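Listed below, chain by chain, are the residues.
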Amino acid sequence: MTRSAIKTFVKVALFAAAGAATFTSCTRKGPEDPKRFRLGWQPPWANQGQIVEVFKHTDVLSRNGVSLQYKAFTYGGPMTEAALAGEVDILFVGDQPAITLISRDPKWRIIARMVNYRSAIIVPPGSRLITLKDLAGKKVATALGSTTHRDTVRHLQEGGLNVGKDVSLVNVDQAEHAAVIARGGTDTWAGMIAAIATYDPTIAVAIQGNRARVLTEWVSPAVVVAHQDLVGGRSDHLQGFLQAYTESFAIYARDRNRFDMLYSEDSRLPLSPDVYRSMAAYEPNLMATDVSSIDISLDGSQQELLQRNADAALSMGIIKQRVEIQKHLDLGLAREAMRVVKKTPSH
């Protein structure tokens, strides 16, 4: 990636961050059109970005009787605040912001699985750090409260490091990660940051530009969240949205280059087709060309993972009270949406 392309990506991310920071608490507003939903999505997050491009550039929504207003955010933290302010109806979000949202307002429901995506702790290309233990005495930047923050703490603890004692975490908004990396550095960024815990496409951008290498990486989960008022009061249209959502994975997989390029234009993030393929490989639904193999529900092991993650967030102080995931799962519409889509011959 060229220096100018990196600067463009940074500017877009910071612009989105500024727009996402303006929400304040208010009462939820009733919809003017029951078929229209306000979707919170994240342009700097590749794997869900292509699904949004399918929404925008095909008739999949109209065929299923719904429409969307798109509200862009840089990561899950600002989106959570917008949800609490009644400014979004449906969220494409990492599991930790979803858990945080539910802990603050238990009327939100996890209605489907979103995507798996790559998270990692990355270091400058000239860094002498080899293992997590080498981070002892160092500063690691991450977006506090994010899924990546929670998982980073877990990985550091499993590596025998005490966060706050052995390793210092520095709060850097997800939108600013690319800017820090773009400034360059031999063995640290900004003269003090030894590593950044982040996720794709920031990882891919940095590696493709020879500005970082991976110290350790892992797969993170994401979910689709909606308010219980929609589940109860607009279930037919919410199911229509989930039908369009299910179809969109197969539509993307049949024409990946088109939707990757549309996403590149929307996010101003020029990456090679091979890089897009490597990011999509973390999510099975993005590789399925037929809807029969697409699953937007959450099986028992995935539900158990969400509960473990919620409990970990509580022990780390990310949330203040325990979230019982089972009480906030509402997967009936997702299962019915899959049934309807898979029985329709044209799909």
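Scroll up for the structure.
What counts and how
- Residues numbered from 1 in each chain as written.
- Predicted model: local features only at pLDDT ≥ 70, side-chain atom pairs only at ≥ 80, totals over all residues.
- Heavy atoms only, no water.
- Helix = DSSP H or I, 4+ residues; strand = E, 2+ residues; numbered from the N terminus.
- Buried < 20%, exposed > 50% of the residue type's maximum accessible area, 1.4 Å probe, protein only.
- Contact = heavy atoms within 4.5 Å.
- Areas by Shrake-Rupley, 256 points an atom, 1.4 Å probe, with all protein chains shown as cover.
- Lys, Arg positive; Asp, Glu negative; His and termini not counted.
- Charge placed at Lys NZ, Arg CZ, Asp CG, Glu CD.
- Salt bridge = Lys/Arg side-chain N within 4 Å of Asp/Glu carboxyl O.
- Arc of directions from axis to C-beta.

## A word on the overall build of the chain
1) Next: Counting its regular elements, the chain contains 14 helices and eight strands.
2) Next: Overall, the chain is about 55 × 45 × 35 Å in size when its C-alpha atoms are taken along their principal axes.
3) Next: In the chain, which comprises 347 residues, the share counted as buried stands at 58%.
4) Next: In the chain, the share of contacts with a sequence separation of at least 24, taken over all contacts with a separation of at least 6, comes to 81%.
5) Next: Element-wise, carbon and sulfur atoms account for 50% of the exposed surface of the chain, whose accessible area totals about 13,900 Å².
6) Next: Across the chain, the 40 positively charged side chains and the 35 negatively charged ones have centroids separated by 4 Å.

## Comments concerning unusual backbone geometry
1) Next: Following Asp 200, the chain continues to Pro 201 via a peptide bond in cis, the omega torsion being 10°.
2) Next: Along the chain, Pro 201 turns up in the loop between strand E7 (193-199) and helix H8 (202-208).
3) Next: Even without being glycine, Ala 190 reaches a positive phi, approximately 55°.
4) Next: Even without a glycine there, the phi angle at Asn 210 is positive, about 60°.
5) Next: By the secondary structure assignment, Asn 210 is in the loop between H8 and strand E8 (213-227).
6) Next: Of the residues examined, Asn 210 reaches a relative accessible area of 65% and is grouped as exposed.

## Side note on the pattern of salt bridges
1) Next: In this structure the tally under the stated criterion is 15 salt bridges.
2) Next: The shortest N-O distance in the salt bridge between Arg 277 and Asp 260 comes to 2.2 Å. Taken together, the residues Arg 277 in helix H12 (residues 273-280) and Asp 260 in helix H11 (residues 256-267) connect sequence positions 17 residues apart.
3) Next: Judged by its relative accessible area of 21%, Arg 277 falls in the partly exposed class.
4) Next: Its relative accessible area of 1% is what places Asp 260 among the buried residues.
5) Next: Between Asp 311 and Arg 322 there is a salt bridge, and its shortest N-O distance comes to 3.0 Å. You can see Asp 311 sitting in helix H13 (residues 300-316) and its partner Arg 322 sitting in the loop between H13 and helix H14 (332-343), a full 11 residues away along the chain.
6) Next: For Asp 311, a relative accessible area of 29% translates into the label partly exposed.
7) Next: Counted as one network, the salt bridges with shared partners bring together Asp 95, Arg 150, Asp 151 and Arg 154.

## Description of H12
1) Next: Listed as buried for H12 are Val 275, Tyr 276, Met 279 and Ala 280. What you see down the axis of H12 is that its buried residues fit within an arc of 135°, all on one side.
2) Next: Looking at the packing, one finds that the buried side of H12 touches helix H2 (46-57), H8, helix H10 (235-254) and H11.

## A few points about the environment of Arg 308
1) Next: By the element assignment, Arg 308 lies in helix H13.
2) Next: Separated by 162 residues in sequence, Arg 308 and Ser 146 have C-alpha atoms that sit 15 Å apart.

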